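# Fold and contact review
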Amino acid sequence: MAVEGKTVLVTGGTGGIGKETARQLAALGASVILVGRDKYHADAAVADLRRTSGNDDVTAITADMSRLGDVRRLAQETSGRTGGVNVLINNAGATRSHREVTEDGIETAFAVNVVAPFCLTHWLMPALTSSGQARVINITGGIPRGQIDLDNLQGEKSYVGLSFYSQTKLAQMAMSYRFAQELATSPVTLNVAYPGHAYTSMNKNLTVGTYPPLARPIVPLLRLAMPVVYGRRALLRATRSSVHLASSPEERTTNGAYFNSRAQPTPWPDAVLDDTNRNTIWELCEMLRDRPTTA
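Description of the structure in this document. Note that residues are indexed from 1 along each chain, following the sequence as it is written. Thresholds applied to this predicted model are a pLDDT of at least 70 for local features of residues and 80 or more for the giving and counting of side-chain atom pairs; totals over whole chains, interfaces and linings are not thresholded and use all residues. Hydrogens and waters are ignored; side-chain quantities use all the structure's heavy atoms.

## Digging into the overall build of the chain
For clarity, the threshold we go by: By definition, any uninterrupted DSSP run of H or I lasting at least four residues is a helix, any uninterrupted run of E lasting at least two residues is a strand, and each is numbered from the N terminus. Exposed residues in this analysis have more than 50% of their type's maximum accessible area, buried residues have under 20%, and partly exposed residues fall in between, with area computed by a 1.4 Å probe over protein chains only. In short, Shrake-Rupley with a 1.4 Å probe defines the accessible areas, and a residue's cover is counted only from the protein chains shown.
The helix and strand inventory of the chain stands at 12 helices and 7 strands. Every one of the 295 residues in the chain was classed for burial, and the buried ones make up 55%. Within the structure as shown, the chain displays about 12800 Å² of accessible surface, and the carbon and sulfur contribution to it stands at 51%.

So, in structure tokens, the structure goes:
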């Protein structure tokens, strides 16, 4: 679909890959709604995108994606706007140096990377279907391979920040695969985009303890190299797949696909293709979605 005049909601849209994705879609004429935790940064992002995209139809909603009460309120506020939602980009992500639990009793990275996109997509489904034809794009990350430890889904047994982040992104992909199956007969499609690596505020602020032990001695060198290797050009490249999936007419009926950083369909990781992984994560997300949320 051409996105001109279409409503696009981008979580984690006030910085990094999400903001750059929103900028490009605004430049294509979309009505863009950014989601960020902080009103000051959200307002600044809106002003920046309006100026640089030449599109004044950019607004923001503040919500903390680690809080299911905020996610529910975001869905309600967005659904209250006329015209439905044409594109939902679940871009917000989180990683931590040590295990933290949210007020909902969920490990923080799992809450933001897996539970929030699951719940927001469910709660926005009336607004998505009312638009006639809608697209959901879930942004993965980390190192999208390896195993999913079902006994350590929320870091209950062991926790190394970046390694656990990669597992939550694999879990997100497993959830997304199942979600796309559920949507097979609906007017809504769901696909996953891998952005590749870019230097953003999230990885800029990583502590040494977030890295696996073997990598910790070279963290000072990584901090020097990353702005050079994964700077502005890498940030632009990192939006390629999400912008393509959001706007390309050729992907109108594509559903349940995984796109690499070059906007090409690519095979799903083995861990995602495991039925037990998918069903276990799906059932946990359903249980967390249906619990009463904190206001």
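## Some points on the nonpolar core
When a protein is soluble and globular, its nonpolar side chains tend to lie buried together. Worth spelling out the cut-off: The nonpolar core is taken to be a set of buried Ala, Val, Leu, Ile, Met, Phe, Trp, Tyr and Cys residues, with the residues joined through side-chain atoms within 4.5 Å. By definition, residues are in contact when any of their heavy atoms lie within 4.5 Å.
Judged by nonpolar contacts, the single largest core of 54 residues is most densely connected at M65, F110, L120, L128 and I281. When near neighbours in sequence (up to four residues on either side) are disregarded, I281 contacts V114, I148, L153, A171, A174 and M175.

## Side note on the packing of aromatic side chains
Note the threshold: Only Phe, Tyr and Trp rings take part, Trp by its six-membered ring, and two of them pair if their centres are within 6.5 Å. Stacked means planes under 30 degrees apart, edge-to-face means over 60, and tilted covers everything else. Look at NZ for Lys and CZ for Arg. If either is within 6 Å of the ring centre and within 35 degrees of the ring normal, a charge sits over the ring.
Applying the stated criterion to the full structure yields 6 aromatic pairs. Plain terms: the ring middles of F179 and W282 are 5.2 Å apart, the flat faces sit at 85° to each other, and that makes the pair edge-to-face. Remark: W282 occurs in helix α12 (residues 275–290) and F179 occurs in helix α6 (residues 161–182); sequence separation between them is 103 residues. For the pair shown, F179 and W282 are each scored as buried. Chaining the aromatic ring pairs together yields one cluster made of F118, F179 and W282. In this structure, R72 is placed above the aromatic ring of W123, and the distance from its NZ or CZ to the ring centre is 4.1 Å.

## Here we look at unusual backbone geometry
Although it is not a glycine, A263 sits at a positive phi angle of roughly 60°. When you line up the elements, A263 lands in the loop between β7 (258–259) and α11 (270–273).

## Details of the pattern of salt bridges
Going by this rule: The working definition used for a salt bridge is a side-chain nitrogen of Lys or Arg within 4 Å of a carboxyl oxygen of Asp or Glu.
What the rule picks out here adds up to 13 salt bridges. Residues D48 and R51 are paired through a salt bridge, measuring 2.8 Å at the closest nitrogen-oxygen approach. On the criterion of helical spacing, the pair formed by D48 and R51 is a turn pair, its members being 3 residues apart in helix α2 (residues 39–53). A salt bridge links R73 to E77; the shortest N-O distance between them is 3.7 Å. Of this pair, R73 and E77 both sit in helix α3 (residues 68–79), 4 residues apart, which is roughly one turn of the helix. On the basis of relative accessible area, R73 is assigned to the partly exposed category, the value being 32%. Overall, the relative accessible area of 36% leaves E77 in the partly exposed class.

## Focus on the pairing of strand β4 (residues 87–90)
Where we set the bar: We treat two strands as partners when DSSP finds at least two bridges between them.
Here β4 shows two buried faces, one formed by V87 and I89 and the other by L88 and N90. Here 3 bridges tie strand β1 (residues 7–11) to β4, and the two strands are oriented parallel to one another. Bridge pairing links L9 to L88 in β4. The sheet contact formed by β4 and strand β5 (residues 134–139) spans 4 bridges and is parallel. Bridging from a neighbouring strand, V87 pairs with R135 of β5.

## Considerations on the sheet that holds strand β6 (residues 188–193)
The line we're drawing: Each axis is a line fitted through C-alpha atoms, taken for helices only over the stretch in contact, and angles between the N-to-C directions span 0 to 180 degrees.
Pairing is parallel across the open sheet formed by 7 strands, whose spatial order is β3-β2-β1-β4-β5-β6-β7. Each edge of the open sheet is held by one strand with a lone partner, namely β3 (58–62) and β7. Here β5 pairs with β6 via 6 bridges, running parallel. Each residue of the ladder has a partner; that of I137, found in β6, is N191. Running at roughly 170° to β5, helix α10 (residues 240–247) makes contact with β4, β5, β6 and β7 of the sheet.

## Description of the packing of α3 against helix α4 (residues 108–123)
Using the following cut-off: Oblique is the label for every angle not falling under 35 degrees (roughly parallel), over 145 degrees (roughly antiparallel), or within 65 to 115 degrees (roughly perpendicular). Crossing chirality is assigned from the near helix's rotation relative to the far helix, an anticlockwise turn below a right angle marking it left-handed and a clockwise turn marking it right-handed. Gly is put with the polar residues, along with every residue not named as nonpolar or charged; the nonpolar set is Ala, Val, Leu, Ile, Met, Phe, Trp, Tyr, Cys and Pro, and the charged set is Asp, Glu, Lys and Arg.
Contact geometry of α3 with α4 gives a least axis separation of 9 Å together with a crossing angle of 30°. Comparing the axis directions of α3 and α4 gives the class roughly parallel. Remark: the crossing between α3 and α4 carries right-handed chirality. Residue-level inspection shows L68, V71, R72, L74, A75 and S79 of α3 in contact with α4, the latter providing V115, A116, C119, L120 and W123. Residue composition of the contact of α3 with α4, by class: 9 nonpolar, 1 polar and 1 charged.

## Let's talk about the side chain of S131
For clarity, the threshold we go by: Under the rule applied, a polar contact is a pair of N or O atoms within 3.5 Å (in protein, one hydrogen donor and one hydrogen acceptor; residues adjacent in sequence only if both atoms are side-chain atoms).
Take S131: it is sitting in the loop between α5 (125–130) and β5. Here the side chain of S131 touches V85 through a polar contact of 3.1 Å, landing on its backbone oxygen. When neighbours within four sequence positions are excluded, S131 is seen to be in contact with G83, G84, V85 and N86.

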